[in-house]
Amino acid sequence: MAAFRAAGKMADRVPAQCRTKMEPGDVLFFAVSAAGSAAECARDNCGLLLLFVALALFSYAVYKSFLRPPIYVTEMTEVGFDHIPRGVDRALHITRAQSSKQLGKKLPPPYPNGWFVVAESRDLKVGKVVPVDALGLNLCVYRGEDGLARCVDAYCPHLGANLAIGGTVCGSCIECPFHQWRFGADGVCVSIPGVDADVPTGFCPSRSAQRYSSNFETFALVSVSATVPKGISIKTWRTMEVDGAVWIWYDAEGREPLWSVPEAAELKKWGFRGRNEFLVNAHIQEIPENGADIAHLNAIHSTSLLTDIGDKFPFLHNIIGRHIWSAEWSKGEEDHIATVDIVHKYVIMKFNTFTMKVTVMQIGPSHVRLRFNSPLGPILVSQSVTPLSALLQKVVNRIYSPTLNAPLGAWMVLGEAYQLKRDVAIWNSKRYVHSPTYVKTDRTIRAFRSWFMQFYSEKSIPLRQAMQNPLDW
């Protein structure tokens, strides 16, 4: 404030003849002159400016396509609740809307048998441990020092500590954070400090090779197997890594995997362009059923990706353009596979301006591969659906493409998410209908439900039991 007062006093000392008063006309003249000079400069350097903008856009496209693929994550409350006014208590109103939603009658079991994603391969680094709550289970997912991803039940059989929270990786073993009990890749306890008199507390053979002789390491391993009481183990889950994710086999009957999933051939040469993630408040069966619901494509996904203004002013659909779809759902050659063949057209003023073919392969209850073929090049989308709880699904789409159309693949992360949002808005507020009023165009829905029933079995957990989640005292 003192500085401002000093400046004011100095201004008062300026002679009157040296002061100038800006008239409104002078201000306008100055503004017009400045704008004219800027316009003239831009005109003279138009080529340079355009080159700069082009280089900036190109650099950003390369950055997002190769160095930092986009990861688009959407929370459940962000989609499908536009009808709830914004305000301080909006979150409470959304929670109330979710809890009061009718579920429907005769819902199928919430956890079908099959392969389910529990982690992203890119995020599970060597030595990392991740807690996962899915399929009504608490799991511990980790990557051993041998590079293999593994999954075990989260709770130590000793005193119940959560191995995924504070647990550490030692070789191919997972070590409990509470008393440092160590469990091998097969789930068997291989080390208990205090019981293994010859093994120092915290000793890990794979990390201690430089400090201990090979003879001591061999002795330690033999000593562990000889002194640890037999019968101490944790449950392990069969895992596989395909399509950029770690999957576990879940089966209510305790059977070994009924099918395997080979890596997509394209991934040997193509690159990862990003992924999008959604949380959906619905039964898992509702999501893949969309593929068999052919009628919904033109009902929900016809509005242009460029803008949805055509929904407010329908006559603009002819000017902006709209998506036209045709599709056919069918069972695959193997029992656990179904396919959808889709033809897409983008029509402006009755003229088809862009054609794209999509081949969809449903693999089991939760895995979908979508292969897009268009004049702009091919793209592969690998989708997974994982039940985090009975009626809460995590839907993830991973995008892959060749190097030549990498920017298109990166854009597809957002474009595909924009289309999926339209489905999520419906799923988050709909209820399951056990016996729909079928019409002619719904014949594939009936066929899909019949096909999907194979993933339930006699011991599948009923919905009521899955939602109760009783405490085990």
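Residues numbered from 1 in each chain as written. Predicted model: local features only at pLDDT ≥ 70, side-chain atom pairs only at ≥ 80, totals over all residues. Heavy atoms only, no water.

Where an unreviewed UniProt entry is consulted, the protein chain appears under the name cholesterol 7-desaturase, with the organism given as Iphiclides podalirius. UniProt's Cofactor (unreviewed entry) comment on the protein chain is quoted here verbatim: "Fe cation". Turning to the protein chain, the UniProt annotation filed under Subcellular location (unreviewed entry) states: "Membrane". (UniProt positions renumbered as here; feature names shortened; annotations may be inferred.)

With that out of the way, let us pick up the packing of aromatic side chains. Taken as a whole and assessed by the stated rule, the structure comprises 17 aromatic pairs. Between Trp115 and Trp249, the ring centres sit 5.5 Å apart and the planes meet at 65°, which makes this aromatic pair edge-to-face. Of this pair, Trp115 sits in strand 2 (residues 114-120) while Trp249 sits in strand 12 (residues 245-250), and the two are 134 residues apart along the sequence. The pair formed by Trp115 and Trp249 is uniform in burial state, with each residue classed as buried. Chaining the aromatic ring pairs together yields one cluster made of Trp115, Trp249, Trp259, Trp329, Phe448, Trp451, Phe452, Phe455 and Tyr456. If you follow Lys235 out to its NZ or CZ, it ends over the ring of Trp237, 4.5 Å from the centre. (Phe/Tyr/Trp six-rings, centres within 6.5 Å; stacked < 30°, edge-to-face > 60°. Helix = DSSP H or I, 4+ residues; strand = E, 2+ residues; numbered from the N terminus. Buried < 20%, exposed > 50% of the residue type's maximum accessible area, 1.4 Å probe, protein only. Lys NZ or Arg CZ within 6 Å of the ring centre and 35° of its normal.)

The next subject is helix 10 (residues 406-427). Taking 1.5 Å per residue, 22 residues should reach 32 Å; helix 10 reaches 31 Å between its end C-alpha atoms and fits that length. A maximum bend of about 35° is found in helix 10 at Met412. (Expected span 1.5 Å × (residues − 1). Bend = angle between axes of the 7 residues up to and from the residue.)

Another aspect to go through is the sheet that holds strand 11 (residues 239-242). The three strands are arranged 2-12-11 in an open sheet whose pairing can be described as antiparallel. The sheet is open, and its two edges are formed by strand 2 and strand 11, each paired on a single side. The mean angle between the axes of side-by-side strands here comes to 35°, regardless of whether they run parallel or antiparallel. Examined bridge by bridge, strand 2 and strand 12 share six bridges and lie antiparallel to one another. For Gly114, the partnering residue across the bridge sits in strand 12 and is Tyr250. (Pairing = 2+ DSSP bridges. Axes fitted to C-alpha atoms, helices over the stretch in contact; angles between N-to-C directions.)

Here Lys106, not a glycine, exhibits a phi torsion of approximately 55°, which is positive. The exposure class of Lys106 is exposed, given its relative accessible area of 64%. Phi is positive for Met349, which is not a glycine, with a value near 50°. Take Met349: it is sitting in the loop between strand 15 (337-348) and strand 16 (351-363).

Glancing now at the pattern of salt bridges. Tallied over the full model, the rule gives 14 salt bridges. For the salt bridge of Glu175 with Arg182, the shortest nitrogen-to-oxygen distance reads 2.7 Å. We note that Glu175, like Arg182, is buried. For Lys394, the salt bridge identified is with Glu277, shortest N-O distance 4.0 Å. Remark: Glu277 occurs in strand 13 (residues 271-280) and Lys394 occurs in strand 19 (residues 392-401); sequence separation between them is 117 residues. Classification of Glu277 by relative accessible area gives buried; the value is 10%. Here the salt bridges share partners, and the residues they tie into one network are Asp123, Arg275, Glu277 and Lys394. (Salt bridge = Lys/Arg side-chain N within 4 Å of Asp/Glu carboxyl O.)

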